[in-house]
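# Summary of the model geometry
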Amino acid sequence: MRLTPAQLAAYDRDGFLELPGLLDPGEVAVLRGEVDRVSQLQAEEVKREGADGPPKIMLGMHLAESATASAAMQALVRLPRTLDLAQQVLRETDLYIHHTKCNLKASIEGSAWPWHQDYGSWQLDGIRRPDMTTLMISLDPAAEINGCLYFLPGSHVEGRHDAVFDTSTAYHLYAVPHEVTRERIRRYGPPVAIVSRPGDAVLFDCNLLHASGHNLSADDRWQVYLCYNTCANRPEAIPNPRPAYVRGTDWHRPLQGINDTALMRAAGTD
Ligand code: SIN
Ligand code: MN
């Protein structure tokens, strides 16, 4: 899928680009089935809302050797509608997956994500440059009441701010300090709510400030995130690296594109 010069310019300016209807309803149904199947597993890659709560984030589904492996997710990261987009905004052909995640944000119990930059954590993985992008795909309607994403348009241009380790929610991560966040919201705001339908997608820069709220609704909010890095930007060796399901190690094997029908073929439904 080719982006127009205007779409590329919007991504560079705003730090994100919305792509309505990227996946069709059949593909969304296949992915929903896979997310549902994997959510029943007890595995290190499935992180919950507290010890016994519903799954919050599921990692490693695109990896063949993971406990959470999914042929559909292995196909998804290589489609012309996903990989080609990442190649275009990163202006680079050889890419690998830093990680994928499925964020389930369960009805009532699904918790917030604090204001952060993804590169706040990823630089600490040893990645030298912010040459990374994420494609988020909605598997449910996302609205303000069920904890849709919020972006701060243009906030990526200042680069990474020193991050603080935030333990206020079930999934601990490096966040932007509150005082800096307040200042940036005043400067770049108001934040934009990424309201979406199943199959809609958004590409966003790894330095874009973003957050999301608690799910106050009666329905879950499932979203899939595909995080691409350039092979040339592979992480440096660091002491105690995070596991490969969250700090990908496939930089020596650039992703090869596959046929656009591969997701449905992987599911055996065409
Ligand atoms: C994230 O920013 O990594 C996840 C946010 C969300 O799923 O709401
Ligand atoms: Mn994030």
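For the structure itself, consult the block above.
Source: prediction; values computed, not measured.

Analysis parameters
- As a convention, each chain's residues are numbered from 1 in the sequence order in which they are written.
- The order in which chains are written sets their letters, starting at A; the order in which ligands are written sets their numbers, starting at 1.
- With pLDDT at 70 or above as the cut-off, local features in this predicted model cover only qualifying residues; side-chain atom pairs require 80 or more to be listed or tallied, and sums for whole chains, interfaces and linings still use all residues.
- Comment: elements are numbered from the N terminus, with helices defined as DSSP H or I runs of at least four residues and strands as E runs of at least two.
- Restricting the calculation to C-alpha atoms gives the radius of gyration, and the globule rule supplies 2.2 Å times the number of residues raised to the power 0.38.
- Whether a residue is buried, exposed or partly exposed follows from its count of other C-beta atoms within 10 Å of its own C-beta, namely 20 or more, 12 or fewer, or something in between, respectively; the C-beta atoms are built from the backbone.
- Contacts are defined on C-beta atoms placed from the backbone: any two residues whose C-beta positions lie within 7 Å are in contact.
- Only the C-beta atom matters for this test: placed from the backbone, it must lie within 6 Å of a molecule or strand for the residue to be near it.
- Lys, Arg, Asp and Glu make up the charged group, whereas Ala, Val, Leu, Ile, Met, Phe, Trp, Tyr, Cys and Pro make up the nonpolar group; the residues left over, Gly among them, are polar.
- In this description, a nonpolar core means buried residues of the types Ala, Val, Leu, Ile, Met, Phe, Trp, Tyr and Cys, linked to one another by C-beta atoms lying within 7 Å.
- Two strands pair under a simple rule: DSSP has to find at least two bridges between them.
- Between N-to-C directions, angles cover 0 to 180 degrees, with each direction set by a line fitted to C-alpha atoms, over the stretch in contact for helices.
- Between the first and last residue of a helix there are one fewer steps than residues, each counted as 1.5 Å, and that sum is the expected span.
- Comment: arc refers to directions from the helix axis out to C-beta atoms.

What follows is about the overall build of the protein chain. Helix and strand counts for the protein chain come out as seven helices and 13 strands. The C-alpha atoms of the protein chain give 17 Å as radius of gyration, which agrees with the globular expectation for 270 residues (18 Å, within 12%). Once the C-alpha set of the protein chain is aligned to its principal axes, its extents read approximately 50 × 40 × 40 Å. Put simply, the protein chain has 270 residues, and 44% of those count as buried. Excluding contacts between residues fewer than 6 apart, the proportion of contacts in the protein chain whose partners are at least 24 apart in sequence is 84%.

This paragraph deals with the site of ligand 1. If you check the shell around ligand 1, you find Asn103, Trp113, Gly147, Leu149, His210, Ser212 and Gln223 and nothing else. Taken together, the residues of the shell around ligand 1 sort by class into two nonpolar, five polar and no charged.

The next subject is the nonpolar core. Core analysis: the biggest nonpolar cluster contains 68 residues, and Val202 and Leu203 have the highest contact counts within it. No other element matches helix H2 (residues 25–39), which puts five residues into this core. With residues up to four places along the chain from it excluded, the contact list for Leu203 reads Tyr11, Phe16, Leu17, Leu19, Leu85, Val89, Thr133 and Leu135.

The next subject is the sheet that holds strand E2 (residues 46–48). Pairing is antiparallel across the open sheet formed by seven strands, whose spatial order is E1-E11-E6-E13-E4-E3-E2. Where the open sheet ends on each side, the last strands, each with one partner, are strand E1 (16–19) and E2. The average undirected angle you get between the axes of adjacent strands in this sheet is 20°. Across three bridges, the pairing between E2 and strand E3 (residues 55–59) is antiparallel. Looking at E3, one finds that Lys47 is bridged to Ile57. Against the sheet, helix H1 (residues 5–14) engages E1 and strand E11 (201–205), with an angle of about 135° to E1. Along the sheet, helix H4 (residues 83–90) contacts strand E4 (95–103), strand E6 (132–138), E11 and strand E13 (223–230); its crossing angle with E6, the most-contacted strand, is approximately 145°.

What follows is about the pairing of E4. Among the nine residues that make up E4, eight are buried, leaving the element largely enclosed by the rest of the structure. Relative to E4, E3 runs antiparallel, the two being bridged by three bridges. Bridge assignment links Leu59 to a residue of E4, and that residue is Lys101. Pairing between E4 and E13: eight bridges, direction antiparallel. Along E13, the bridge assignment pairs Cys102 with Val224.

This paragraph deals with the environment of Arg253. With respect to the secondary-structure elements, Arg253 resides in the loop between E13 and helix H7 (262–266). Under the C-beta neighbour-count criterion, Arg253 is labelled exposed, with 10 such atoms within 10 Å.

A sheet is described by the order of its strands in space; here four strands give the open sequence E5-E12-E7-E10, paired in antiparallel fashion. Since the sheet does not close on itself, it has two edges, and those belong to strand E5 (113–116) and strand E10 (192–194), each with one partner. Between one strand axis and the next, the sheet turns through 25° on average, direction left out of account. Where strand E7 (residues 149–151) lies against E10, three bridges are found, and the strand directions are antiparallel. Bridge pairing in E10 places Phe151 opposite Val192.

For the α-helix, the turn length of 3.6 residues means that residues three or four positions removed from each other point alike. An ideal rise of 1.5 Å per residue puts 21 Å on 15 residues; H2 measures up with 21 Å between its terminal C-alpha atoms. Every buried residue of H2 is accounted for by Glu27, Val28, Val30, Leu31, Glu34, Val35 and Val38. For H2, the arc enclosing every buried residue in end-on projection is 160°, short of the 170-degree limit, so these residues lie on one face. Facing away from the buried side of H2 by more than 90 degrees, the exposed set consists of Pro25 and Asp36. The secondary structure elements touched by the buried residues of H2 are E2, E3, helix H3 (71–76), E4, E13 and H7.

Positionally, Gly21 belongs in the loop between E1 and H2. When the 11 C-beta atoms within 10 Å are taken as the criterion, Gly21 is described as exposed. For the pair Gly21 and Ile137, spaced 116 residues apart in the sequence, the C-alpha separation amounts to 9.5 Å. Ignoring anything within four residues of it in the chain, the contact list for Gly21 reads Gly199 and Asp200.

What follows concerns H4. Of the positions making up H4, those classed as buried are Leu83, Leu85, Ala86, Gln87 and Val89. Taken together, the buried residues of H4 touch H1, E4, E6, E11 and E13.

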